[in-house]
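# Working through the structure, step by step
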Amino acid sequence: MTVRVRFAPSPTGELHIGGVRTALFNWLFARNQGGKMILRIDDTDQQRSSDKFLQTILDSMEWLGLDWDEGPRKDGEFGPYFQTQRLPIYQEEVQKLLDSGKAYYCFCSAEELAKQKERNAQKGLPPRYSGACRNLSPQEIEEKKKTCRSFVIRLRVPEEGVTVVNDLIRGRVTFENKIFDDFIIVKSDGFPTYNFASAIDDAKMKITHVIRAEEHLSNTPRQQIICRQLGIPIPVYAHVPMILAPDHSKLSKRHGATSVQEYRDMGILPEALINYLALLGWSPGGDREIMTIEEMISLFSLEKVGKNASIYDLKKLTWLNSHYLRTKEKSIIGEMAVPFLQKKKLISGVQTEEDRKYIEKVVDLVREKVKTLQEIADASEFFFSENFPYDQAEVAKHFGREGAELVIKEIIKALQEVEPFQKETINLKLKNLGKSLNLPLSKINIPARLALTGRTMGPELLEIMVLLGKEKVIERLKKAEALCQKA
């Protein structure tokens, strides 16, 4: 048997981390088992679905490297892969249920249903459908079709017995059939409900395993009942744990970026996001935290997915991201940093090979102490612009002290004499200057760094000087000399 899994997002919003984690677990399981990953679009909510959200979902999946074997942009033999394009398939299955008496038309109005719920509430009963249309004769159905503006189709649910979900993560979960009413399978607009469409599509697309979020567990018995009424295969289910906020509340936007696009915009690398999400609910064993995608595939199993909710931790994500920023090839990080440098208006584009090499050197210099691509752009400002801001507190402290102007003048004089302008020759000159002025090297380096970068912390000073070049270094020191006079 070939393992076939599916990820079925709804194009009613952007792809958020809960959805991505579900997609990832499906993808890892399929790749581990040598199976197929199907991307199916649940677009039956016509009012809220949009092509914009669809494109965002597809682009996000591709950016993360979660490729699919069948679906949009990659047709297969079990399409179409948009539920709105599968209406004839659903209609055929509905007709089978109607013909066999396992489903029926319901003409109850919204007002009538509200009154039924109210009566049940007064009796302390759950808000079940009363079954008012359950036993209408064919003649009554035809008459009501002529007079009623709209109707739905309900599934005739067995009133006795139980439905058992054998979940690979949660074990055996039993539901008494009497807790379900005759639920709707086709809405008044003619579109199938989520449970009906999902059950039909899973069977038609030969899905073997349904791996999805824990909140869908309550849908599973309904889908199994649909399958049994139609006599179609029931897939194996695995419901992955929820992702909660640090305070154990429901994860929301106030806890940090939640959509893939937001993570991308803040400069999180796809490898880091995948690595982080893999650890939310799944344990690869030992203390392993940093893994390549190949390692994740080889180690992944549903048996190692826990039942307990996972806690979202933005600090852990950015820590992982900083690791990937430090360890990836500088040419790759340099290329990834370009859009962030452009957004900050530090560069207009990469025009020449020399431009590319310069960006690589800058990125390589600053990436040790940053956590995101956005922070790389922030930390790189003084390499691309002469209008970088100065830390005014540090200016007052270091340029405002007595003798500061003299120190800057001496640094200028010393550096003008340096040839070639390299780390070794610069370092020797500054050390000798410190000795001649009877100052510790820090009293030379800190004012110089402030003059060149506007701050007193950052990459190695000698590396900064070499990368900026002698002419630009002297210019900035002269500007600092003027600042000393004003401070």
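Quick caveat, the model's predicted, so the values are computed rather than measured.

## Focus: the packing of helix α17 (residues 404-416) against helix α21 (residues 470-486)
Taken N-terminus to C-terminus, the directions of α17 and α21 make an angle of 165°; their axes are 9 Å apart at the nearest point. With respect to each other, α17 and α21 are oriented roughly antiparallel. Between α17 and α21 the crossing geometry is left-handed. Across the interface between the two elements, A404, E405, I408, K409, I411, I412, L415 and Q416 of α17 pack against K470, V473, I474, L477, K478, E481, C484 and Q485 of α21. When grouped by side-chain class, the residues that make up the contact of α17 with α21 number 9 nonpolar, 2 polar and 5 charged.

## Points about the environment of E360
Secondary-structure assignment places E360 in helix α13 (residues 353-366). Along the primary structure E360 and E329 are separated by 31 residues, whereas in three dimensions their C-alpha atoms are 9.5 Å apart. Those residues in contact with E360 that lie beyond four places of it in its chain are K330 and S331. In terms of polar contacts, E360 uses its side chain to reach the side chain of R356, at 2.4 Å.

## Thoughts on the state of the cysteines
Using the criterion set out here, one finds 0 disulfides in the structure. We note that C106 lacks a disulfide partner, and the nearest cysteine sulfur, in C108, lies 3.9 Å from it. A relative accessible area of 1% means that C106 is categorised as buried.

## A short note on the sheet that holds strand β3 (residues 103-106)
Pairing in this open sheet of 3 strands is antiparallel, and the strands run β3-β4-β7 from one edge to the other. Only two strands of the sheet have a single partner each, and these edge strands are β3 and β7 (184-186). Going from strand to strand, the sheet's axes swing by 45° on average, the running direction of each strand aside. One ladder, built from 4 bridges, connects β3 with strand β4 (residues 152-155); its direction is antiparallel.

Scoring rules and cut-offs
- Residues numbered from 1 in each chain as written.
- Predicted model: local features only at pLDDT ≥ 70, side-chain atom pairs only at ≥ 80, totals over all residues.
- Heavy atoms only, no water.
- Axes fitted to C-alpha atoms, helices over the stretch in contact; angles between N-to-C directions.
- Helix = DSSP H or I, 4+ residues; strand = E, 2+ residues; numbered from the N terminus.
- Parallel < 35°, antiparallel > 145°, perpendicular 65-115°, else oblique.
- Left-handed = near helix turned anticlockwise from the far one by under 90°.
- Contact = heavy atoms within 4.5 Å.
- Nonpolar A, V, L, I, M, F, W, Y, C, P; charged D, E, K, R; others polar.
- Polar contact = N/O pair within 3.5 Å; in protein donor to acceptor, adjacent residues only side chain to side chain.
- Disulfide = S-S within 2.5 Å.
- Buried < 20%, exposed > 50% of the residue type's maximum accessible area, 1.4 Å probe, protein only.
- Pairing = 2+ DSSP bridges.

Keep in mind these numbers describe shape, not what the thing actually does.
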